[in-house]
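Inside the fold
Residue-level listing of the chains:
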Amino acid sequence: MTDSSRPTWCDIDLAALERNYSAIEQVVGASKMMPVIKADAYGHGLTQIGTRLQEIGAPCLAVAYVEEGLALRAAGITVPIQVLGGAVTRQIPLFLEHDLTFTAPSVDKLLQISEAAEAAKTTAKVHLKIDTGMERIGVHHYNADTLFEAALSCTSLEVEGVFSHLASADDTDLKSARIQLERFLEALDFYDRLSLPTPTRHIANSAAIVALPEAHLDLVRPGLLLYGIEPTDQTSKTIAVEPVLSWRSEVIYFKVVEAGSPVSYGGTWAPEHSTRVVTLPVGYADGYRRGLSNRAQVLINGTRHNVVGRVCMDQTMIDIGTTSAYNGDQVVLVGSDGNQQITIQDLALWSDTIPYEILTSITARVPRRWHS
Ligand SMILES: *Cc1c(COP(=O)(O)O)cnc(C)c1O
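Just so it is clear, the model here is predicted, and its values are computed rather than measured.

About the cut-offs
- Residues numbered from 1 in each chain as written.
- Predicted model: local features only at pLDDT ≥ 70, side-chain atom pairs only at ≥ 80, totals over all residues.
- Heavy atoms only, no water.
- Phe/Tyr/Trp six-rings, centres within 6.5 Å; stacked < 30°, edge-to-face > 60°.
- Helix = DSSP H or I, 4+ residues; strand = E, 2+ residues; numbered from the N terminus.
- Buried < 20%, exposed > 50% of the residue type's maximum accessible area, 1.4 Å probe, protein only.
- Lys NZ or Arg CZ within 6 Å of the ring centre and 35° of its normal.
- Near = heavy atom within 4 Å.
- Polar contact = N/O pair within 3.5 Å; in protein donor to acceptor, adjacent residues only side chain to side chain.
- Areas by Shrake-Rupley, 256 points an atom, 1.4 Å probe, with all protein chains shown as cover.
- Nonpolar A, V, L, I, M, F, W, Y, C, P; charged D, E, K, R; others polar.
- Core = buried A, V, L, I, M, F, W, Y, C linked by side-chain atoms within 4.5 Å.
- Domains from an automatic or database assignment.
- Contact = heavy atoms within 4.5 Å.
- Buried area = accessible area lost by both parts, 1.4 Å probe.

Time to look at the packing of aromatic side chains. We describe a pair of aromatic rings using the distance from one ring centre to the other and the angle between the two ring planes. Scanning the model with the defined rule gives seven aromatic pairs in all. Both rings, one in Y42 and one in Y356, keep their centres 6.1 Å apart while their planes meet at 45 degrees; by these two values the pair is tilted. Placement of Y42 in helix α2 (residues 38–43) and of Y356 in helix α11 (residues 355–361) is noted, with a sequence separation of 314 residues between them. With relative accessibility at 6%, the residue Y42 sits in the buried group. An aromatic cluster of at least three residues, connected via ring pairs, comprises Y42, Y227 and Y356. For the cation-ring pair, R369 lies above W9, with the distance from its terminal atom to the ring centre recorded as 4.8 Å.

This is the structure:
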């Protein structure tokens with residue numbers, strides 16, 4: 001590289017994001033899309049991803065916390081933004097000032113939102129949250145009528161949607177997901193019984209988009225899938241998506257380690273025969289997790305090599321055997337080189353976690369480069 005940037009970085013392929021969006025759109029047909037871009041768009045960059053999604057026609061967006069919604073508004077995003085995680089009372093005015101869409105997970109909160117909207121002489125946009133089996137936030141499906149009735153009696157509210165969240169749509173066995181869907185639809189009968197129009201209904205996350213078409217309903221909420229990662233490898237059904245993020249570093253040091261000389265903290269690995277070892281300027285403080293120690297592989301010049309010894313806070317060692325690598329050579333931590341590929345799922349498997357946690361653990365210290 002000719003610039004002065006850090007020799008460890010993530011490339012974010014916005015054209016791939018756009019192709020993934022279209023691929024999901026095709027599969028869900030008439031259902032609307034609400035891309036989920038919480039947690040810095042799963043590490044891909046909140047405002048950059050939000051801006052691109054708005055440009056390609058996403059009708060609305062979803063985040064977890066109000067702060068994420070405010071950042072999107074500050075970046076000039078004008079489409080509706082739903083804050084999925086609810087609203088603490090003292091932050092309700094922020095929603096109203098910046099036209100963010102509320103999640104109302106209880107009757108109490110709904111009344112607070114309505115009162116605040118009335119005082120501010122405005123109308124709050126609200127999605128009602130029904131708990132059908134996640135036991136996180138939301139009114140239990142068997143009490144849903146109380147929330148629906150309360151909403152009808154509030155004057156300063158516009159109930160745009162009713163939604164729920166699936167706990168196990170990524171299971172091979174979709175029984176519990178189907179039960180949740182059934183409970184949700186039963187609760188929604190409320191509107192039919194009163195001959196009222198049903199608000200926009202949504203329950204499908206990425207896993208349900210792939211595996212449970214009957215859950216697509218009026219709107220779908222893809223997160224992981226949008227970033228090109230299948231939420232599960234247990235289903236035979238797939239959607240043609242491609243990874244948006246790749247992660248690279250550079251060789252910064254080369255040496256020969258003699259047989260029996262332990263490498264890194266704790267001396268957990270030593271070569272049987274003398275071998276070549278290179279050092280990379282990336283570590284667990286970048287999100288290259290310590291659990292990858294002695295387990296992960298990287299690609300150098302299209303060849304797989306093992307991470308040896310413990311991953312340090314800022315550096316990681318790689319056994320390159322008898323091959324050669326020079327300072328400045330590119331190293332793929334996540335991505336492709338020749339016909340070899342290392343995926344976010346690989347890192348998740350090697351460090352005993354899920355792709356979501358790998359993506360959202362890549363810290364701000366790692367520069368992102370967005371490519372259109
Ligand atoms: C995070 C989240 C999603 C997106 O989940 P994926 O599995 O990434 O598709 C959808 N809905 C809610 C309520 C969420 O919190």
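Having seen the model, we can carry on.
On to the site of the ligand, then. Not every one of the 13 residues close to the ligand is listed here, only the nearest: K38, Y42, S206, L224 and Y356. Here an oxygen atom of the ligand sits 2.8 Å away from a polar atom, N or O, in the main chain of L224. Protein chains shield 92% of the accessible area of the ligand, which is 390 Å² for the free molecule. Grouping the constituent residues of the shell around the ligand by class yields six nonpolar, four polar and three charged.

The residue D40 is not glycine, and still its phi comes out positive at about 55 degrees. You can see D40 is positioned in helix α2. On the basis of relative accessibility, which here comes to 38%, the residue D40 falls in the partly exposed class. For K121, which is not glycine, the phi torsion reads 55 degrees and is therefore positive. One can find K121 in the loop between α6 (107–119) and β6 (124–131).

Within the largest apolar cluster, 114 residues are counted, with the highest numbers of intra-cluster contacts made by I37, L110, L128, F148, W247 and Y288. The residue makeup of this core includes at least three contributed by each of domain 1 (14–229) and domain 2 (245–371). W269, V277, C312 and M317 belong to the second largest nonpolar core, which has seven residues in total.

Now for the domain arrangement of the protein. By a widely used convention, the size of an interface equals the accessible area lost when the partners come together. Here the protein is partitioned into domain 1 (14–229) and domain 2 (245–371). For domain 1 versus domain 2, the distance between C-alpha centres works out to 38 Å. Taken together, the ten residues of domain 1 in the interface contact ten residues of domain 2. With both chains or domains summed, domain 1 and domain 2 bury close to 1000 Å², and 67% of this area falls on carbon and sulfur atoms. Three residues, Y42, H44 and I229, lead the burial of domain 1 against domain 2; their summed loss comes to 44% of the area buried on that side. Counting across the interface, domain 1 meets domain 2 through three residue pairs in polar contact (both at pLDDT 80 or more).

With that settled, the discussion passes to the environment of Y142. The residue Y142 is located in the loop between β7 (139–140) and α7 (144–153) in this model. In this structure the C-alpha to C-alpha distance between Y142 and V263, which are 121 residues apart in sequence, comes to 58 Å.

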